[in-house]
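Breakdown of the fold
Each chain, written out:
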Amino acid sequence: MITIVWLRQDLRTADNPALSAAVKLGEVLPVYILDDATPPPYRPPGAASRWWLHHSLAALEQRLGGLHLLRGDPRRLLPELARRTGATGVTWNRCYEPGAIARDSAVKADLKLQGIEAQSFNAALLNEPWEIVTGSGDPYKVFTPYWRTCLKRPMTPPQPAPKIKLAKATHGGAALRDLGLLPSRPNWAKGWEAQWRPGEAGAAQRLDAFLAEGLAGYATRRDRPDLPHSSRLSAHLHWGEISPRQILARMARAVDETPSLQTDADKLSSEIGWREFAHHLLYHFPHLPEHNLRKEFDAYPWQNDPRLLKAWQRGATGYPMVDAGLRELWATGVMHNRVRMIAASFLIKHLRVDWRLGEAWFWDTLVDADLANNVAGWQWVAGSGADAAPYFRVFNPMSQGQKFDPDGAYVRRWCPELAKLPTDHLHAPFLAPPLVLRAAGVTLGVTYPHPVVDHLAAREAALQGYQAVKAAG
Ligand code: FAD
């Protein structure tokens, strides 16, 4: 008996319930379908995610000993593949994006009509989004009580990788390179292979390295982009190369060995909790990617100046902490969490560009682009989301830089043209005396941009715009 395992954001062999269920039934036909066919609200991966996906699929193909690759509409391709190969069932692990839920429900119904068994499982989350509800049965909109409820529930232990017998038909699909996932002309991902190791083995290696070198001090230093104290597991988690259960179980062992890690481990668990919360929100409020959760924010008078958006995208706003973040993003496919908050706040509040345009840029340029986390992050910064930062708290990019990059190492790395500026002036070069600028080889408007907006005037305009939101509330 052959069972198709439809892999999507679960590109691993261990702790993969859909794969384990298929193995129990007999031969397995693992398939990945590059779905560029399902219409919106389904969102195909952005460009940087595709780079990651290519390498993750290559790693999985090697680990499984084969992977059937297809491109097109899963609604058509899965029943066709089942008919062609004699497969009697299809298993998959659930995705929680509204477009994916609609597609998967349609696929399930079509398969059933054709007498093909379809079964789905949870591999991506500690809890299903519908399992955690308030006392009155509503979804949570505030993180702390949500996470408190989650912590009371027992965790299913992660499962080891099963012994797999591949069906012969596994080897008949498209070649990976023909999916066209890698950039060419220009290849903007040059050097990424040296920084990242997509795939299950790379994820496990990253977790081990983080537990050995980064976890101690995570709770107090995770906000510092100049220090190596965050896990860099987000893309591995998004593509399901590692499960949250595996991370928590492995971290619990580390705490057993070194009890002083407990506080840091609790902090990391709660960050994974934010990931769970974002998926909970997206499931219960499926319009989150397009619409403000708090309706009164629809009244905000966005300016949406394309020139300012471009300056932000290129890391040329004249505010070093913002520019460093956007350049880190372009060069590596990620941006440190604290800097994501500063850069997003700057776009929304200082430049008054709609958060949806920033979200779209992140979607295309992040290797960890994740609809739930990205949209929740942007709406949190905008103040329009659940448990969000208050709109009137406008981050000052200069003092944020001084606080979270106190020695300037992060800005010097990503804005090397400012490297010789003394730390006192690094986060606001436009306020530095001409002699200091000259001595550091900085010519504003030539080697580094003038600020695209004046901080205080922009802050005032942002708060003015907020009056419209207050009036609509
Ligand atoms: P760590 O600090 O090591 O955290 C461990 C894991 O917890 C992360 O890998 C991630 O899965 C989860 N996590 C941590 N912080 C958050 C958070 N605030 N919200 C949800 N999950 C979190 N994260 C994404 O994975 N994809 C996105 O597209 C994304 N877009 C964002 C956009 C904005 C505007 C903001 C403010 C945040 C966004 N985040 C996103 C959340 C966060 O910035 C990243 O998860 C984090 O920077 C990844 O680095 P790390 O793995 O080293 O994190």
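For the structure, see preceding data.
Bear in mind the structure is a predicted one, so any value in this text is a computation, not a measurement.

Regarding its fold elements, the protein chain presents 21 helices and five strands. Taken over the C-alpha trace, the protein chain has a radius of gyration of 23 Å; the compact-globule value for 473 residues is 23 Å, and the two agree within 12%. With respect to the principal axes defined by its C-alpha atoms, the protein chain has extents near 75 × 50 × 50 Å. Every one of the 473 residues in the protein chain was classed for burial, and the buried ones make up 55%. At a minimum sequence separation of 6, the contacts of the protein chain that also span at least 24 residues come to 79%. Only carbon and sulfur atoms are counted for the fraction: they give 54% of the accessible area of the protein chain, which is about 20,300 Å².

At a closest axis distance of 10 Å, the pairing of helix 15 (residues 355-365) and helix 16 (residues 371-382) adopts a crossing angle of 145°. The interaxial crossing formed by helix 15 with helix 16 has right-handed handedness. Along the contact surface, helix 15 presents Trp355, Gly358, Glu359, Phe362 and Trp363, while helix 16 presents Leu371, Asn374, Val375, Trp378, Gln379 and Ala382.

A separate point is the site of the ligand. Around the ligand, the surrounding shell holds 26 residues, and the nearest of these are Tyr218, Ser230, Ser231, Arg232 and Asn337. In this structure, an oxygen atom belonging to the ligand sits 2.7 Å away from a side-chain N or O atom of Ser230. In the model, an oxygen atom of the ligand is placed 3.0 Å from a nitrogen or oxygen of the Asn373 side chain. Protein chains bury 93% of the 830 Å² of accessible surface belonging to the ligand in isolation. Per-element tally for the shell around the ligand: the top contributor is helix 11 (residues 262-284), with five residues. Its residues placed into classes, the shell around the ligand shows 13 nonpolar, seven polar and six charged.

Pro40 connects to Pro41 through a cis peptide bond whose omega is 10°. Residue placement: Pro41 occurs in the loop between strand 2 (27-34) and helix 2 (47-64). The omega torsion across Arg185 and Pro186 is -5°, close enough to zero to call that bond cis. By secondary structure assignment, the location of Pro186 is in the loop between helix 5 (143-151) and helix 6 (192-195). Backbone geometry at Arg185 places phi at a positive 40°, although glycine is not the residue there. Here Arg185 is to be found in the loop between helix 5 and helix 6. Phi at Asp387 is positive, roughly 50°, even though this residue is not glycine. Here Asp387 is to be found in the loop between helix 16 and helix 17 (397-404).

Rules of the game
Think of each chain on its own: its residues are numbered from 1, step by step along the sequence as written. Since the coordinates come from a predicted model, pLDDT governs what is reported: local features require at least 70, and pairs of side-chain atoms require 80 or more to be given and counted, while whole-chain, interface and lining totals use all residues. Remark: hydrogens and water are excluded; side-chain values derive from all non-hydrogen atoms of the structure. The way it works is that DSSP assigns letters per residue, a run of H or I at least four long becomes a helix, a run of E at least two long becomes a strand, and they are numbered from the N terminus. Values of the radius of gyration come from C-alpha atoms, whereas the globule rule sets the reference at 2.2 Å times the count of residues to the power 0.38. The classification of residues rests on relative accessible area computed with a 1.4 Å probe and restricted to protein chains. Under 20% of the type maximum is buried, over 50% is exposed, and intermediate values are partly exposed. Here, two residues are considered to be in contact whenever any of their heavy atoms come within 4.5 Å of each other. Note on areas: these come from Shrake-Rupley sampling with a 1.4 Å probe, and a residue is covered only by the protein chains present in the view. Axis lines are fitted through C-alpha atoms, for helices just across the contact stretch, and the angle between N-to-C directions can take any value from 0 to 180 degrees. If you view the pair so one helix is near and one far, a crossing is left-handed when the near helix is turned anticlockwise from the far one by less than a right angle, and right-handed when it is turned clockwise. Near residues are defined by distance, with any heavy atom within 4 Å of the molecule or strand qualifying the residue. The term polar contact refers here to a pair of N or O atoms within 3.5 Å; inside protein, the definition further demands a hydrogen-donor-capable atom paired with an acceptor-capable atom, and it admits residues adjacent in sequence only when both atoms are side-chain atoms. Three residue categories are used. Nonpolar comprises Ala, Val, Leu, Ile, Met, Phe, Trp, Tyr, Cys and Pro, charged comprises Asp, Glu, Lys and Arg, and polar comprises the others, including Gly.

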